[in-house]
Amino acid sequence: MNSVTDIWENVLRQLRGTLSETTIATWFDELTIVDIRGSVCFLHCASDFKRGYLESLFLNNIRAALHDIFSTDFEVKILDDAGLLEFRGDISPKKQSDRFTYAEFTFETFVVGPSNKLAHAASIAVAEHPAQNYNPLLIYGDSGLGKTHLLYAIANVIRQNDPKAKIVYIKGDDFINEFVELIRAGRGSEFRAKYREADLLLVDDVQFVAGKEQVQNEFFHTFNTLYESGRQIVLTSDRPPSEMTLLDDRLRTRFEWGLLADVTPPDFETRLAIVKNKAALLGMDLPDKIAVMIAQNVTANVRQLEGTVNKVLAYKDLLGSETDEQTVSRAMQDILKGSNEYIPTPEAILSYVSRYYQLEESVVRGQQRVRDAVTARQIAMYLIRSMTNLSQDNIGQLFGNRDHSTVIHSIRQVEQKMKKDPAFAEMVKELKTNITSRH
């Protein structure tokens, strides 16, 4: 493991002193460090939308953090996928879909077990015969179980079989953000061309489009265009379409046209295979008793298993620690800390509700009574009260120093409407589920 990873952890630690945890989680989740060469720090962000915001809003923060660490000035460059490939000298710059040349995202590196066997087999069938067997293919299950790995593996095979294939990958929330930004800018035709001309459309966490009328309508027409022209669609979500309560019936029907394949937490044998496979990929000689120890104790998902192995290697390479039970216990404690019960921050809830209603956070926090602002404000207060330990007085302070009686009134308004209006109740439930699934 390169020491630049440790440097980036220090940068994020510095940033948390000036930026909120919500800001870090929202905008820095896909930002990774590539290398530091001279006085230039190279970073990578796959999302065009997030990269633009990072470059316009947060470069100075990153420079300041680097200066605090090294006491010298740095230039910061954020690379897209093509720029990263050029930087590494893999191939000359090409289009966005070249991300699928990365070797770790293949069927060969995917560990198959009873919990993911159907999803794996269906993914291979789709990759070898696009738009012939299962279209669409929807893979669903909790976070960290390998859904995204399968998306990339499909794309890798299709890219190998047809180097000219136009492959588009997008996360559900990025699809929404991109749609809103380009429509506001009067560039709707550019947005439609990008998605409706794809040979393979991959959408991660498609559940986020549910409940947003304009976005669902756009996705419906995109889906129809691709399906009717014989092009493959692969989706992932955290739940089956039948449980996406705010999903348009037209989309729910189409999502169920092809094949639904679930992935569940791996059993012990599969977890052990994942640990050994990850260690081998990292070039680490992991003793059997250590691999068993990790597989027995880290049970929730693949991401935590791989994270533990990464952490063990980091301790070994950066700190010179032995690969023993004490080191593994420490690594597991770091990975699992707080993972059993996710409690979102009030800022995270406010951020998601604001984005759902397509409002600035300042509008939801403030006194304005523009369209949807009052409803968004009341729902945000209700969710913060029900999902966090924040008191009514503290919630009031979060929303422009309102007194606790206003907060109580807002919460009661939401509760009463949920009792009278089943559709509204389902919408609030969906919001709560999506906020929880983002961690």
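Here we summarise the structure given alongside this text. Only a predicted model underlies this, so the values are computations on that prediction, with no experimental measurement involved. (Residues numbered from 1 in each chain as written. Predicted model: local features only at pLDDT ≥ 70, side-chain atom pairs only at ≥ 80, totals over all residues. Heavy atoms only, no water.)

## Here we look at the environment of Glu360
Its location among the elements puts Glu360 in the loop between helix H16 (346–356) and helix H17 (361–365). Along the primary structure Glu360 and Arg231 are separated by 129 residues, whereas in three dimensions their C-alpha atoms are 37 Å apart. (Helix = DSSP H or I, 4+ residues; strand = E, 2+ residues; numbered from the N terminus.)

## Examining the nonpolar core
The biggest cluster of nonpolar side chains holds 58 residues, and the ones touching the most others in it are Phe219, Phe255, Ile379, Leu383, Phe399 and Met427. Residue contacts for Phe219: discarding those within four places in its chain leaves Phe175, Val203, Val206, Leu235, Leu251 and Phe255. (Core = buried A, V, L, I, M, F, W, Y, C linked by side-chain atoms within 4.5 Å. Buried < 20%, exposed > 50% of the residue type's maximum accessible area, 1.4 Å probe, protein only. Contact = heavy atoms within 4.5 Å.)

## Things to note about the sheet that holds strand S5 (residues 167–171)
Read from one edge of the open sheet, five strands run S5-S6-S7-S4-S8, paired in parallel fashion. Strands at the two margins of the open sheet, each flanked by one partner only, are S5 and strand S8 (259–262). Strand-to-strand twist in this sheet, taken as the mean axis angle between neighbours without regard to direction, amounts to 15 degrees. Strand direction decides the pairing type here: strand S4 (residues 137–140) and strand S7 (residues 232–237), joined by four bridges, are parallel. (Pairing = 2+ DSSP bridges. Axes fitted to C-alpha atoms, helices over the stretch in contact; angles between N-to-C directions.)

## Overview of the packing of helix H8 (residues 172–184) against helix H10 (residues 213–228)
Viewed as axis vectors pointing N to C, H8 and H10 meet at an angle of 100 degrees, and their least axial separation amounts to 10 Å. Overall, the two elements H8 and H10 adopt an arrangement that is roughly perpendicular. Touching Phe175, Ile176 and Phe179 of H8 are Gln214, Val215, Glu218 and Phe219, all from H10. Among the residues making up the contact of H8 with H10, the classes are represented as five nonpolar, one polar and one charged. (Parallel < 35°, antiparallel > 145°, perpendicular 65-115°, else oblique. Nonpolar A, V, L, I, M, F, W, Y, C, P; charged D, E, K, R; others polar.)

## Section: the sheet that holds strand S1 (residues 31–37)
An order of S1-S2-S3 is seen for the three strands of this open sheet, with the pairing classed as mixed. Looking at strand neighbours, the two that pair on one side only are S1 and strand S3 (75–79), the edges of this open sheet. On average, adjacent strands in this sheet sit at an angle of 25 degrees to one another, irrespective of strand direction. Taken together, the six bridges between S1 and strand S2 (residues 40–45) define a ladder with antiparallel strand orientation. Of the residues in S2, the one forming a bridge with Asp35 is Phe42. In the packing of helix H1 (residues 4–15) onto the sheet, the strands contacted are S1 and S2, and the crossing angle to S1 comes to about 120 degrees.

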